[in-house]
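For reference, the chains in residue letters:
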Amino acid sequence: MKRGGLLLIVILLALGPAIALAANSAVNAIESHKHLGVASCSNSVCHGASQAFRDSSIQQNEFAIWQEFDPHARAWQTLGSDASKAIARKLGIGDPAAAKVCLDCHADSIADGMRGERFQLSDGVGCESCHGGSESWLNAHADKGVTHKDNLKNGMYPTDQPIARARLCLTCHMGTADRMITHRIMGAGHPRLSFELDTFTWLHPHYKIDESWTRRKGEWNGVRDWAVGQGVAAENLLELVTDEKAGWQGIFPELVLFDCHACHQLMSGRTWGPRQGTGLGPGVVRLNDANILMFRHVLAPVDKAAASRLLEQTRALHQATTKSREATFAAARKLHASIEGLLPTVAAFNYGPESLDAILSSIEADAARGEYRDYAAAEQVAMAAQSVVVAFENDGKVDADKATLLRSRLDALYATIKNEDSWSREKFRSALAALRAAAP
Ligand code: HEC
Ligand code: HEC
Ligand code: HEC
Ligand code: HEC
């Protein structure tokens, strides 16, 4: 008994720093070399062509696409908007376009000494915010014979690899200990953040995944991106929950980590119902477990036993939040370790057509058990369904009629969650069932 306790302490001590390291590694990698600025990439013979080059292995019009279509290019301008000024006024932080807390996510906020001559904060979330400081690879990366692997070795960030990409996007799209979005910022009027790796990778792309891409960088699989994105987001949440500084505000845990709608409801609502996955009674604030929930569906075609183990560990975490901070940390670390252990298998799994059915039926079984009572989970289900439908289309497994039907049922599913304040759980469930019925 005594030895067991000691062993647990040793394991926890060993896990603590490992968790902290994981959260910071993406920002550290991005910021470990000087950022030379978007102007260093945008020459018309580099990435600033107005049309895609025909005889090049990449498009070379990435800058033009980013500048015209990608909201990242306008992320800094957003800080000058009336909405941003109102948020800043309520927080008492002065000019939002100069406030570190906003710049961390709405610009490339690398330290002064790490900025090259052509660097401009007003470029917003620029090329090097994602591809990493180019100081050590800018000159070499366009040379003949230089491979993608060489570039990565020289410090380019591996945006092509789903685990690394998810870690990177989540630093701003969920927040990490070093780029934190708090409930206070939300309370001042910041939009709620939600993220799904596959959906968001394809909303405003400046890249093409074609034969040239796969030759240079390997196979692309959207369902796998979805799967990996869920696991990494779940880890990110658990890392914040167990972070003494970022995860807590005085006597309260940081509320941004909890399900927003657990608190923000009408007093006259009378909408509470049990959720087996939490085992919590009425009137209890729940951690936002949407990504953890999804990661179980990710596992459905991969490892069913692991999926049920995760269900138990998630319930244990929810239960622990009603006991003590220590119990919560221990349960969160256990769950984190499980997900960490499973991620490499998920990242290497070939999500082929036969796995899509297992995922959809796992999602629907949860729906039948009432697991999607929380809006954040319903929203993740819709994005998951989209990844799966696109995968069906890409497989060529569905004919044109079927594809149209699937698309319209997917649109109908999205329509049921359009309004987070007035959505209907019943309509959502039947739209999900209808989509499932149309799937091959
Ligand atoms: C340095 C912070 C940062 C990083 C890293 C980042 N984003 Fe963003 N992203 C933002 C901000 C800020 C916005 C909102 C911009 C605005 O409207 O002002 C945004 C907006 C978006 C949008 C538009 C959302 C919508 O509602 O249309 C998509 C899509 C997106 N990001 C995808 C990604 C993906 C995929 C990654 C990772 C490859 C990523 N982002 C990495 C900060 C970041
Ligand atoms: C952890 C990263 C993060 C921090 C910190 C952050 N933002 Fe954001 N912000 C985002 C992302 C990501 C989006 C886009 C959300 C989406 O569309 O999915 C966004 C969206 C916005 C929007 C809405 C933009 C639009 O086009 O509708 C405003 C306004 C905004 N942020 C202002 C601020 C201000 C002001 C601050 C500082 C107090 C701030 N943000 C801090 C990440 C962040
Ligand atoms: C929000 C993150 C983000 C920003 C900002 C961003 N990129 Fe990308 N970029 C990606 C992702 C994700 C991919 C796709 C995966 C990959 O090929 O690595 C990509 C791919 C690329 C590719 C490779 C395409 C191929 O076929 O191999 C180039 C070139 C590129 N980006 C250039 C740029 C340039 C130039 C800018 C600035 C004008 C920029 N990117 C800004 C995330 C970003
Ligand atoms: C534990 C309960 C709880 C959770 C969970 C919670 N909030 Fe809040 N929220 C509050 C309280 C309490 C206030 C303060 C109300 C006041 O100042 O009168 C508040 C205020 C707000 C406000 C300002 C409302 C206004 O009228 O100005 C917004 C916006 C908000 N929260 C958004 C969110 C979002 C987004 C999430 C999830 C990421 C969330 N909240 C999670 C309890 C919660």
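Everything here concerns the structure above.
Residues numbered from 1 in each chain as written. Chains lettered and ligands numbered in written order. Predicted model: local features only at pLDDT ≥ 70, side-chain atom pairs only at ≥ 80, totals over all residues. Heavy atoms only, no water.

(A) How the structure looks around the coordination of the iron atom of ligand 1. Taken together, H72 (NE2) and H173 (NE2) make up the protein donors of the iron atom of ligand 1, found 2.0 Å from the metal. Bound by six donor atoms, the iron atom of ligand 1 shows angles of 85 to 179° at the metal and therefore octahedral coordination geometry. One end of the pair, H72, is in the loop between α2 (62-69) and α3 (75-78); the other, H173, is in helix α8 (residues 162-175), with 101 residues separating them in the sequence. By relative accessible area, which is 32% here, H72 ends up partly exposed. (Donors = N, O, S within 2.8 Å, 3.2 Å for Na, K, Ca; no water. Tetrahedral: all angles 85-135°; square planar, octahedral: opposite > 155°, others 65-115°. Helix = DSSP H or I, 4+ residues; strand = E, 2+ residues; numbered from the N terminus. Buried < 20%, exposed > 50% of the residue type's maximum accessible area, 1.4 Å probe, protein only.)

(B) Molecular detail of the packing of aromatic side chains. The full count for this structure, using the stated rule, is 10 aromatic pairs. Both rings, one in F195 and one in F200, keep their centres 4.9 Å apart while their planes meet at 55°; by these two values the pair is tilted. Measuring from ring centre to ring centre gives 6.2 Å for W248 and F329, while their planes differ by 50°; the resulting arrangement is tilted. With W248 in strand β1 (residues 248-249) and F329 in helix α16 (residues 325-348), the pair connects residues that are 81 residues apart, well separated along the chain. Owing to a relative accessible area of 16%, W248 belongs among the buried residues under this scheme. For F329, a relative accessible area of 7% corresponds to the buried category. The structure contains a cluster of three or more aromatic residues connected by ring pairs, namely W202, Y207, W213 and W220. (Phe/Tyr/Trp six-rings, centres within 6.5 Å; stacked < 30°, edge-to-face > 60°.)

(C) Just the site of ligand 4, in detail. Every residue near ligand 4 is listed here: H183, M186, G187, R192, L255, V256, F258, D259, C260, C263, H264 and V285. Contacts to ligand 4 include H183, whose side-chain N or O atom sits 2.8 Å from a nitrogen atom. H264 has a polar side-chain atom sitting 2.7 Å from a nitrogen atom of ligand 4. Listed by contribution, the elements that provide at least two residues to the shell around ligand 4 are α9 (183-187) and α13 (260-263). At three residues, the largest contribution of residues to the shell around ligand 4 is made by α9. Its residues assigned to classes, the shell around ligand 4 comprises seven nonpolar, three polar and two charged. (Near = heavy atom within 4 Å. Polar contact = N/O pair within 3.5 Å; in protein donor to acceptor, adjacent residues only side chain to side chain. Nonpolar A, V, L, I, M, F, W, Y, C, P; charged D, E, K, R; others polar.)

(D) Representation of the packing of helix α14 (residues 290-299) against helix α15 (residues 304-321) in the model. Two numbers describe how α14 lies on α15: the axes approach to 8 Å, and their chain directions differ by 165°. Considering their axes alone, α14 and α15 lie roughly antiparallel with respect to each other. The interaxial crossing formed by α14 with α15 has left-handed handedness. Between α14, through I292, F295, R296 and L299, and α15, the contact on the second element is made entirely by K304, A306, A307, L310, L311 and T314. When grouped by side-chain class, the residues that make up the contact of α14 with α15 number seven nonpolar, one polar and two charged. (Axes fitted to C-alpha atoms, helices over the stretch in contact; angles between N-to-C directions. Parallel < 35°, antiparallel > 145°, perpendicular 65-115°, else oblique. Left-handed = near helix turned anticlockwise from the far one by under 90°. Contact = heavy atoms within 4.5 Å.)

(E) Focus on helix α12 (residues 222-241). Between its first and last C-alpha atoms α12 spans 29 Å; for 20 residues at 1.5 Å apiece the expected length is 28 Å, and the two agree. With 20 of its 20 residues buried, α12 lies for the most part within the structure. (Expected span 1.5 Å × (residues − 1).)

(F) Geometry of the coordination of the iron atom of ligand 4. Summarising the metal site, the iron atom of ligand 4 is bound by the protein donors H183 (NE2) and H264 (NE2), whose distances to it range over 2.0 Å. For the iron atom of ligand 4, the six donor atoms in the first shell make angles of 84 to 178° at the metal, a pattern classed as octahedral. Of the two residues, H183 is situated in helix α9 and H264 in the loop between α13 and α14; the sequence distance between them amounts to 81 residues. H183 gets classed as partly exposed once you look at its relative accessible area, which sits at 31%. The class of H264 is exposed, set by a relative accessible area of 55%.

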